[in-house]
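A structural walkthrough
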Amino acid sequence: DYFDMAYPYGKLDVAVVPRYWGTMEHPGLVALGQPLTLIPTARETRDRKRSYANILAHELAHQWFGDLVTMAWWDDTWLNEGLGTWLDAKITDAVEPGWRFLDDGVGNVEEALDADALPAARAMRQVVDSADGIQASFDNATTYAKGAAVFAMFERWLGPERWREIIRAHVRAHADGSATADDFLATVATRVDPTAAAALGSFLAQPGAPLVTMDVRCVDGAARLALAQRRLLPVGLPDPDARRWQIPVCVRSGVGRGPGVETCVVLADAAAEVALPGPCPTWLAPHVDGHGYYRATVTGASLPPATQLTRRERLRAIGELGSARSRGDVPVAAAIGAGLQLVADRDARVARWGISLTAVRRSLLDDDLDARYLRLLDRAFGKRARALGWQRRAGDDDDVQALRQALVPLVAERDRRLGAEATTLARAALRDPAAV
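Quick summary incoming for the structure in this document. (Residues numbered from 1 in each chain as written. Predicted model: local features only at pLDDT ≥ 70, side-chain atom pairs only at ≥ 80, totals over all residues. Heavy atoms only, no water.)

Counting across every chain of the model gives 16 aromatic pairs. Consider the rings of Phe151 and Trp163, whose centres lie 5.9 Å apart with planes at 45 degrees: the pair is tilted. Separated by 12 residues along the polypeptide, Phe151 in helix α6 (residues 140–158) and Trp163 in helix α7 (residues 160–174) bring together distant segments of the chain. Trp163 shares its class with Phe151; the two are buried. Geometrically, the ring pair formed by Phe154 and Phe203 is edge-to-face, given 6.1 Å between the ring centres and 85 degrees between the ring planes. With Phe154 in helix α6 and Phe203 in the loop between α9 (194–201) and β6 (210–219), the pair connects residues that are 49 residues apart, well separated along the chain. Pair check on accessibility: Phe154 and Phe203 agree, each one buried. An aromatic cluster of at least three residues, connected via ring pairs, comprises Tyr2, Phe3, Tyr7, Tyr9, Trp64, Phe65, Trp78, Trp86, Phe151, Trp163 and Phe184. (Phe/Tyr/Trp six-rings, centres within 6.5 Å; stacked < 30°, edge-to-face > 60°. Helix = DSSP H or I, 4+ residues; strand = E, 2+ residues; numbered from the N terminus. Buried < 20%, exposed > 50% of the residue type's maximum accessible area, 1.4 Å probe, protein only.)

Structure, rendered in structure tokens:
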């Protein structure tokens, strides 16, 4: 359906490879490692089903990105794996919408941005001239996660229909042959315009990721957004190359509890200003639906209330706050406060991600601060931890179970009720491991 063409190889078999952890796509046959594929009935959890469905979907995507159209050389590994990772989420989401797998794309963005924040970050496209270079081109954070995140950002900016036409045109033009990054960019230029191709190209050849500062300015009732970009790096490290990206920046701004208005612009220079619609906004969301491949800091307006953010936007906000805290742009206390609020979120996955903002390195605290920190956790998390308890209940989905596993141990050691329950369960397990 997505490619508007029949599956190209007539049949598709799955071969289970014993004692092998990995996968490989071949025309008409997918080889999957035994531990990835064969799931004992007692361990057939939803997470295992999700994992298997997704890795098989990834290999299915490779029947088009990899087999029907093959990268010309290993410097374009990202083209196969980035497109495969971007598409496998769509396939997995279609298999079971209840898994909300497309939201996991936020994890791709966060993993890639964390890797790109390092001074030694790798470019997605790089010269490969050795066997070691071939192996290194399969970099999870850069080749897979960043590739998928960048493609998702451009799909969101250009629109899903126009992006689908780009993909279809690329596959038709190079079917049963090889293609390079330049071939893909040429298709973008033809189907959209050279500006879009240049913008995508700016994310391929250079390492790192942009940090975009956003300053809302209001004069005589007219609102403007001042944007500036620099490379995302650890505190105190300058960028010797003063890198620039051509960034599709899409924000949402508004007043009060209204839905807000979306504004998109390509930030190609070091700095630019853009007019914001409507009255002077009181809040600004820096990533519409969480798709922007950039870190962002906002001044002159607040973030919107969590109730006005989509699930993906709330997950991205957690990543942004964590990154800002590590850079020193947000005080530790403010990040912890935000985390405490997010752990109360109605969505179990958002709540679990929010816990990360409350973490501190306790070895750096003196005895008094450490005791106060633990009392803070007990006050903030105790009630919900006791409500969750140690054992999974009927109707709990995997997100609730993951929240239970992350939250309950944070307070159980100091909570009499949870401690007594743990003791009872432990004794029962010692008598009969199958009982718990």
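After that view, the rundown keeps rolling.
Our next topic: the sheet that holds strand β8 (residues 247–254). Ordered by their spatial adjacency, 3 strands build an open sheet running β9-β8-β11, and the pairing between neighbours is antiparallel. Every other strand in the sheet has two partners, leaving β9 (261–267) and β11 (283–285) as the edge strands with one partner each. Neighbouring strand axes in the sheet, compared pairwise and without regard to direction, differ in orientation by 30 degrees on average. Bridge count between β8 and β9: 7 bridges; the pairing is antiparallel. Across the sheet, residue Val249 finds its bridge partner in β9, namely Val265. Of the strands in this sheet, β8 and β9 touch α6, which is tilted by about 60 degrees from β8. (Pairing = 2+ DSSP bridges. Axes fitted to C-alpha atoms, helices over the stretch in contact; angles between N-to-C directions. Contact = heavy atoms within 4.5 Å.)

Within the structure shown, the criterion is met by 36 salt bridges. For the salt bridge of Arg156 with Glu262, the shortest nitrogen-to-oxygen distance reads 2.9 Å. Note that Arg156 is positioned in helix α6 and Glu262 in strand β9, a separation of 106 residues in sequence. Classification of Arg156 as partly exposed rests on a relative accessible area of 27%. Exposure remark for Glu262: the relative accessible area of 36% places this residue in the partly exposed category. Several salt bridges share partner residues, and in doing so they unite Arg50, Arg100, Asp103, Asp104, Arg311, Asp347, Arg349 and Asp399 into one network. (Salt bridge = Lys/Arg side-chain N within 4 Å of Asp/Glu carboxyl O.)

Helix-helix packing is characterised by the crossing angle of the two axes and by the distance between the axes. The interhelical angle for the contact between helix α2 (residues 46–62) and helix α3 (residues 77–95), taken along N-to-C directions, is 125 degrees, at an axis separation of 8 Å. Between α2 and α3, the interaxial angle falls into the category oblique. Like other packed secondary-structure pairs, α2 and α3 cross with a definite hand, here right-handed. On the side of α2, the interface is formed by Ala53, Asn54, Ala57, His58, Ala61 and His62, while α3 contributes Asn80, Glu81, Gly84, Thr85, Leu87, Asp88, Ala89, Ile91 and Thr92. Looking at side-chain class alone, the contact of α2 with α3 contains 6 nonpolar, 7 polar and 2 charged residues. (Parallel < 35°, antiparallel > 145°, perpendicular 65-115°, else oblique. Left-handed = near helix turned anticlockwise from the far one by under 90°. Nonpolar A, V, L, I, M, F, W, Y, C, P; charged D, E, K, R; others polar.)

On to a nonpolar patch on the surface, then. Taken together, the side chains of Val14, Val16 and Leu38 present a nonpolar region at the surface, about 230 Å² in accessible area. Along the polypeptide, Val16 turns up in strand β1 (residues 13–17). What makes Val16 partly exposed here is its relative accessible area of 35%. (Patch = residues over 30% accessible without salt bridge, like charges linked within 9 Å, V, L, I, M, F, W, Y side chains within 5 Å. Areas by Shrake-Rupley, 256 points an atom, 1.4 Å probe, with all protein chains shown as cover.)

Below, the discussion takes up the nonpolar core. Trp86, Trp163, Phe184, Met214 and Tyr293 are the most contacted members of the largest nonpolar core, which has 60 residues in total. At 9 residues, the largest contribution of residues to this core is made by α6. If we skip the residues at most four places from it in the chain, Tyr293 touches Val109, Ala112, Leu113, Asp116, Lys146, Ala149, Val150, Met153, Phe203, Ala209 and Pro210. Core analysis: the second largest hydrophobic core is formed by 16 residues, Ala348, Ile355, Tyr373 and Ala385 among them. (Core = buried A, V, L, I, M, F, W, Y, C linked by side-chain atoms within 4.5 Å.)

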